[in-house]
Amino acid sequence: MSAPDAWVIRDVVYRTFAAEGRAPSVAELARKTGLTPALAQQLLRTLADEHALVLAPDGDSVRMAHPFSAWPMAFVVTPCDGRDDRRWWGGCAWDSFGISAALDLDVRIDTACPACGTPLSLPAGPATPPPAELSVWFPKPADQWWDDVVGTCTMIRMFCDRGHVEDWSTAEKVTGGQTIDATTVWRLSRPWYGDRLRPDFAPHTRDHNQELLQECGLTGDFWRLP
Ligand SMILES: [Zn+2]
Ligand SMILES: [Zn+2]
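Nothing here was measured: the structure is a model prediction, and the numbers come from that model. (Residues numbered from 1 in each chain as written. Chains lettered and ligands numbered in written order. Predicted model: local features only at pLDDT ≥ 70, side-chain atom pairs only at ≥ 80, totals over all residues. Heavy atoms only, no water.)

A. Inspection of the pattern of salt bridges at higher detail. Taken as a whole and judged by the stated rule, the model has 10 salt bridges. Between Glu 20 and Arg 22 there is a salt bridge, and its shortest N-O distance comes to 2.8 Å. Take Arg 22: its relative accessible area is 30%, and that puts it in the partly exposed class. Among the ionic pairs, Arg 83 bridges to Asp 81, the shortest N-O distance being 3.1 Å. (Salt bridge = Lys/Arg side-chain N within 4 Å of Asp/Glu carboxyl O. Buried < 20%, exposed > 50% of the residue type's maximum accessible area, 1.4 Å probe, protein only.)

The following block contains the structure:
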């Protein structure tokens, strides 16, 4: 990542998401870092250009800092410990497991199957894989994920099982995606997102991420990163 100040901004964004389930404003970033609001804004754009986070369409606020989302999306992530009143929006199935990985926390993930509307409420944690029958659908190949990253996340949904993915994709006339077991997504999320909140975090290289996909059996053109 380029400027050291960009790291400082990124750090405040991630710590605020972790502690409060929300993104800090530009004014708040400026106050907490001692930078001017104009510079804080500029560094947010730098971070967005490097895919370290995603800005809202108007460019003046943080929309996502994977695995966290500032706006409501299809997944709610809640600590299993009832005394911990934090809550997070999971952008997708992958991000929801990623929040558990980044925080090293046992959580409950709530969503609904897009095919039948059944509420799905599942435990997940460092040592707790999701139920084996659950399936996750990926809408498009890895080399297109960042063409519209919020749109991609929005579509990476969890279904009751593979049959419900088939029912849904037939009914919606959707083609070109791939379905994988939720347990595989959970396993992938741990090395992919587990280091995001560490003080020594360094962005993964493309090759490193490709290896992480491969280690989970996600190979072939569909899973080839750009
Ligand atoms: Zn279903
Ligand atoms: Zn996502």
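B. Expanded view of the sheet that holds strand E8 (residues 135-138). Taking strand neighbours across the sheet as the criterion, the three strands line up as E9-E8-E10 in an open arrangement whose pairing is antiparallel. The sheet terminates laterally at strand E9 (157-159) and strand E10 (178-181), the two strands that pair on one side only. For this sheet, the mean inter-axis angle between neighbouring strands, taken without regard to orientation, is 35°. Bridge count for E8 against E9 is three bridges, and the pairing is antiparallel. Across the sheet, residue Val 136 finds its bridge partner in E9, namely Met 158. Taken strand by strand, helix H7 (residues 182-193) contacts E8, E9 and E10, and its axis lies near 80° from that of E10. (Pairing = 2+ DSSP bridges. Helix = DSSP H or I, 4+ residues; strand = E, 2+ residues; numbered from the N terminus. Axes fitted to C-alpha atoms, helices over the stretch in contact; angles between N-to-C directions. Contact = heavy atoms within 4.5 Å.)

C. Broad picture of the coordination of the zinc ion (ligand 2). The protein atoms that coordinate the zinc ion (ligand 2) are Cys 92 (SG), Asp 95 (OD) and Cys 153 (SG), at distances of 2.1 to 2.3 Å. In the primary sequence, the donor residues of the zinc ion (ligand 2) line up as C-x2-D-x57-C. Of the two residues, Cys 92 sits in the loop between strand E5 (88-90) and helix H4 (93-103) while Cys 153 sits in helix H5 (residues 149-155), which places them 61 residues apart along the sequence. In this structure, Cys 92 and Cys 153 share a single accessibility class: buried. (Donors = N, O, S within 2.8 Å, 3.2 Å for Na, K, Ca; no water.)

D. Quick peek at the coordination of the zinc ion (ligand 1). Protein coordination of the zinc ion (ligand 1) is provided by Cys 113 (SG), Cys 116 (SG), Cys 160 (SG) and His 164 (ND1), with donor distances spanning 2.0 to 2.3 Å. For the zinc ion (ligand 1), the four donor atoms in the first shell make angles of 100 to 122° at the metal, a pattern classed as tetrahedral. For the zinc ion (ligand 1), the single-chain donor residues occur in sequence as C-x2-C-x43-C-x3-H. With Cys 116 in the loop between strand E6 (107-112) and strand E7 (119-124) and His 164 in helix H6 (residues 162-171), this pair connects stretches of sequence that are 48 residues apart. (Tetrahedral: all angles 85-135°; square planar, octahedral: opposite > 155°, others 65-115°.)

E. Quick look at the domain arrangement of the protein. For the protein, the assigned domains are domain 1 (4-65) and domain 2 (75-223). Relative placement of domain 1 and domain 2: their C-alpha centres are 24 Å apart. In this complex, domain 1 contributes 11 residues to the contact, which on the side of domain 2 involves 15 residues. Between domain 1 and domain 2 lies a buried interface of about 1100 Å² when both sides are counted; carbon and sulfur atoms form 68% of it. When the area that domain 1 buries against domain 2 is broken down by residue, the three leading residues are Ala 18, His 51 and Met 64, summing to 38%. Inspection of the region where domain 1 meets domain 2 yields zero salt bridges. Of all the secondary structure elements, the ones that give two or more residues to the side of domain 1 that touches domain 2 are helix H1 (4-20) and strand E2 (62-65). Top contributing element to the side of domain 1 that touches domain 2 by residue count: H1, with six residues. (Domains from an automatic or database assignment. Buried area = accessible area lost by both parts, 1.4 Å probe.)

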